[in-house]
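# Descriptive structure summary
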Amino acid sequence: MRILADPVVDWSALGKVVLYSLIAGVGVPAVYACAVLGAGRSSDAARAHRNGAATFYALLALIGTAACIGAIVYGIVLLTQKS
Amino acid sequence: MASDVILVIVVATALAFDFTNGFHDTANVVATAISTRAVPPRIAVLFASILNFAGAFISLKVAATVGKGIVDPAHIVGTSGMTIVFAGLIGAIAWNLATWWFGLPSSSSHALIGGLVGSTVAAVGTKAIDGNGLLAKIIVPALIAPVLCFVVAGIAIIVIYAIVGRVRPGPVTRGFKLGQLGTAGLLSLSHGTNDAQKTMGILALALVAHGSLGADFTEPPTWVIVSAASAIALGTYTGGWRIIKTMGTRIIKMDAAQGFASQGAGAVVILAASHFGYPLSTTHVINGGIMGAGAAKRLSAVRWGVAGNIIVAWILTLPASAAGGAAVYGITRIFGKGVAGPIVVSVLILIAAVLLFARRARTGTAAIGGAPA
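Below, the structure is looked at part by part. (Residues numbered from 1 in each chain as written. Chains lettered and ligands numbered in written order. Predicted model: local features only at pLDDT ≥ 70, side-chain atom pairs only at ≥ 80, totals over all residues. Heavy atoms only, no water.)

Counting its regular elements, chain B contains twelve helices and zero strands. Start at the N end of chain B and walk to the C end: the helices and strands fall as α-α-α-α-α-α-α-α-α-α-α-α. Taken over the C-alpha trace, chain B has a radius of gyration of 20 Å; the compact-globule value for 373 residues is 21 Å, and the two agree within 12%. In terms of its C-alpha atoms, chain B occupies a principal-axis envelope of roughly 70 × 45 × 35 Å. Counting all 373 residues of chain B, 59% fall into the buried class. Put simply, of all contacts in chain B between residues at least 6 apart along the chain, 87% involve residues at least 24 apart. Summing over all exposed atoms, chain B offers an accessible surface of approximately 13,600 Å²; the carbon and sulfur share of this is 71%. Considering chain B, the positive charge centre built from 23 side chains and the negative charge centre built from 9 side chains are found 19 Å apart. (Helix = DSSP H or I, 4+ residues; strand = E, 2+ residues; numbered from the N terminus. Rg over C-alpha atoms; globule rule 2.2 N^0.38 Å. Buried < 20%, exposed > 50% of the residue type's maximum accessible area, 1.4 Å probe, protein only. Contact = heavy atoms within 4.5 Å. Areas by Shrake-Rupley, 256 points an atom, 1.4 Å probe, with all protein chains shown as cover. Lys, Arg positive; Asp, Glu negative; His and termini not counted. Charge placed at Lys NZ, Arg CZ, Asp CG, Glu CD.)

Next comes the structure, spelled out in structure tokens:
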């Protein structure tokens, strides 16, 4: 039984599990962290009456949150599709 | 008639196994979110059980792997075939009870697969085992997944700290507590997609032996999906009340960002594996994520003893539960090829379980999630 050369173990599928996990498991938290950064900075800027910065960071928070929700929904849709 | 009775016993045993799977795993799924106070305990448990139920319907590839990719259904035929499935389940339950009693973090998933392999070898021989399937679909992914989750959670928390490191702690904690609502939900959903399907696969195998399902099935019947999803959801809900009572004794020390990263990593690894039909030990994956998020912040924060126990459990569970499955098959055969053997063994395991739970309840040392999946 050759494990590495023969397709006994489907390394392509396992590689995809690793790749998707890394992309989604690091990418989504990173984008969400940007949203948290935006929310925190936005309230600080608003308190300091820096309206331009407050708007920019609020937008960052909104876009980050929307991107995370979109990524999760897209992932679940992919899972429900029968290949 | 005898085959119908054995089928009913197998279905009841499989659903009981599924219930205990949810019961034990509630701790793994909700503990992080509860300990960081992201979600109130009662809501977390209810949320987890609903999403476990929903998750069982998302993908059915793991069920197909368990039902067709480990043992050849062509060799699991008639009352003898159903007895093989029954013996595998009892072998797994016996191992789970033993590890729960001794406090070892065993894997119900590995026990189930080991038990099935053991009873099949005892009954039919190794010709019925798909060695390549076992290696490719079970053993290699079992080794890769927890390490992958450790790495993903570790990188994620490093990236998170790099991004929010200079923001005031208040908004950061609030933000990641809110985020944990999403990751806890995803983790519950992923748990349903992987663990409930193992029972579906076992039930499908029993139905093939009974003759009610073709050996080339692509999906289990709807009633199997609904009953397996309901059993794991009910187990999750029931297990949660015990956790709420004893949560104060077992707090996992991590901040909201670490909880978010570890839950997110666990969810994506399990969901990706489910998509490709790999049945994983969800406990090992979730623990890998918790340790990864902890180790990235401070190596000493990780309970490395738990990691050692998991490795011991990895090494022991498959052979021990296989031996259990083979022994149970041998015991059932003492009573002939009919329904007597499964009935006697069911009664014996039920008595053993009640005695163990009663004794543990009297001593007041009940462990949470002692034998998870």
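Contacts between the two partners involve 38 residues from chain B and, on the opposite side, 37 residues from chain A. When the two sides are added together, the surface that chain B and chain A hide from each other amounts to roughly 3,100 Å², 78% of it contributed by carbon and sulfur. One salt bridge in this structure joins B:Arg168 and A:Asp44, with 2.7 Å as the shortest N-O distance. Those elements that place two or more of their residues in the side of chain B that touches chain A are α6 (131–164), α7 (169–210) and α9 (256–275) of chain B. In terms of residues, the side of chain B that touches chain A owes the most to one element, α6(B), which gives 14 residues. The residue makeup of the side of chain B that touches chain A, split by class, is 29 nonpolar, five polar and four charged. (Buried area = accessible area lost by both parts, 1.4 Å probe. Salt bridge = Lys/Arg side-chain N within 4 Å of Asp/Glu carboxyl O. Nonpolar A, V, L, I, M, F, W, Y, C, P; charged D, E, K, R; others polar.)

Bringing the nonpolar core into the picture now. Residues and elements named next belong to chain B. Counting 56 residues, the largest nonpolar core has Val 10, Val 85, Leu 89, Met 200 and Ile 202 as its most contacted members. Among the elements that take part in this core, helix α4 (residues 78–102) stands out by supplying eleven residues, more than any other. Setting aside chain neighbours within four positions, we find Met 200 in contact with Ala 56, Leu 60, Ala 63, Pro 220, Val 224, Ile 225 and Ala 228. If you look at the next biggest cluster of nonpolar residues, it comprises 35 residues, including Leu 186, Val 269, Ala 273 and Ala 293. (Core = buried A, V, L, I, M, F, W, Y, C linked by side-chain atoms within 4.5 Å.)

Let us look at a nonpolar patch on the surface. Where nonpolar side chains cluster on the molecular surface, the patch consists of B:Ile343, B:Val347, B:Ile351 and B:Leu355 and spans about 360 Å² of accessible area. Its location among the elements puts B:Val347 in helix α12 (residues 340–363). (Patch = residues over 30% accessible without salt bridge, like charges linked within 9 Å, V, L, I, M, F, W, Y side chains within 5 Å.)

A word on the packing of aromatic side chains. Scanning the entire structure with this criterion turns up seven aromatic pairs over all chains. Note on A:Tyr32 and B:Phe176: the rings are 5.7 Å apart at their centroids and 65 degrees apart in plane angle, and the pair reads as edge-to-face. Separated into two different chains, A:Tyr32 in helix α1 (residues 11–47) and B:Phe176 in helix α7 make up a pair that spans both. With respect to burial, A:Tyr32 and B:Phe176 carry one shared label: buried. Among the aromatic side chains, those forming a connected cluster through ring pairs are A:Tyr32, B:Phe176 and B:Phe260. Positioned above the aromatic ring of B:Phe217 is the side chain of B:Lys68, whose terminal nitrogen or guanidinium carbon lies 5.1 Å from the ring centre. The ring centre of B:Tyr278 lies 5.1 Å from the NZ or CZ of B:Lys137, which sits over that ring. (Phe/Tyr/Trp six-rings, centres within 6.5 Å; stacked < 30°, edge-to-face > 60°. Lys NZ or Arg CZ within 6 Å of the ring centre and 35° of its normal.)

Tracing the chain through its elements places B:Gly201 in helix α7. Once the C-alpha coordinates of B:Gly201 and B:Gly115 are considered, the two residues, 86 residues apart in sequence, prove to be 14 Å apart.

Turning to its location among the elements, B:Ser109 is positioned in helix α5 (residues 108–123). A distance of 2.7 Å separates the side chain of B:Ser109 from the side chain of B:Lys198, its partner in a polar contact. (Polar contact = N/O pair within 3.5 Å; in protein donor to acceptor, adjacent residues only side chain to side chain.)

Evaluation of the coordinates by the stated rule reveals two cavities of 30 Å³ or more. Within this model, the largest cavity holds a volume of roughly 60 Å³. Lining the largest cavity are A:Leu14, A:Val17, A:Val18, B:Pro141, B:Ile144, B:Ala145, B:Leu148, B:Val269, B:Ala273, B:Tyr278 and B:Leu280. By residue number, the principal contributor to the lining of the largest cavity is α6(B), which donates four residues. (1 Å grid on protein atoms, 1.4 Å probe; cavity = no way out; pocket = protein on both sides within 12 Å on 5 of 7 lines; lining within 4 Å. Points joined across faces, edges and corners; volume = space filled by probe spheres on them.)

The residue A:His49 is not glycine, and still its phi comes out positive at about 60 degrees. Mapped onto the elements, A:His49 comes out in the loop between α1 and α2 (51–80).

So, on to the pattern of salt bridges. All names here are of chain B. Scanning the model with the defined rule gives three salt bridges over all chains in all. A salt bridge links Lys 198 to Asp 195, with the shortest nitrogen-to-oxygen separation between them at 2.5 Å. With Lys 198 and Asp 195 both in helix α7 and three residues apart, this pair spans about one turn of that helix. Asp 195 carries the same exposure label as Lys 198, and that label is buried.

Bringing α2(A) into the picture now. Given a rise of 1.5 Å per residue, 30 residues ought to cover 44 Å, and the 43 Å separating the end C-alpha atoms of α2(A) matches this to within 8%. Buried within α2(A) we find A:Ala54, A:Ala61, A:Gly64, A:Cys68 and A:Leu79. (Expected span 1.5 Å × (residues − 1).)

So, on to the packing of α1(A) against α9(B). One way to put it is that α1(A) packs onto α9(B) with a least axis distance of 9 Å and a crossing angle of 150 degrees. By the angle between their directions, the pair α1(A) and α9(B) is classed as roughly antiparallel. The handedness of the crossing between α1(A) and α9(B) is right-handed. Facing A:Val17, A:Ser21, A:Ala24, A:Gly25, A:Pro29 and A:Tyr32 of α1(A), the residues of α9(B) in contact are B:Phe260, B:Val268, B:Val269, B:Ala272 and B:Ala273. Across the contact of α1(A) with α9(B), the residue classes break down as nine nonpolar, two polar and no charged. (Axes fitted to C-alpha atoms, helices over the stretch in contact; angles between N-to-C directions. Parallel < 35°, antiparallel > 145°, perpendicular 65-115°, else oblique. Left-handed = near helix turned anticlockwise from the far one by under 90°.)

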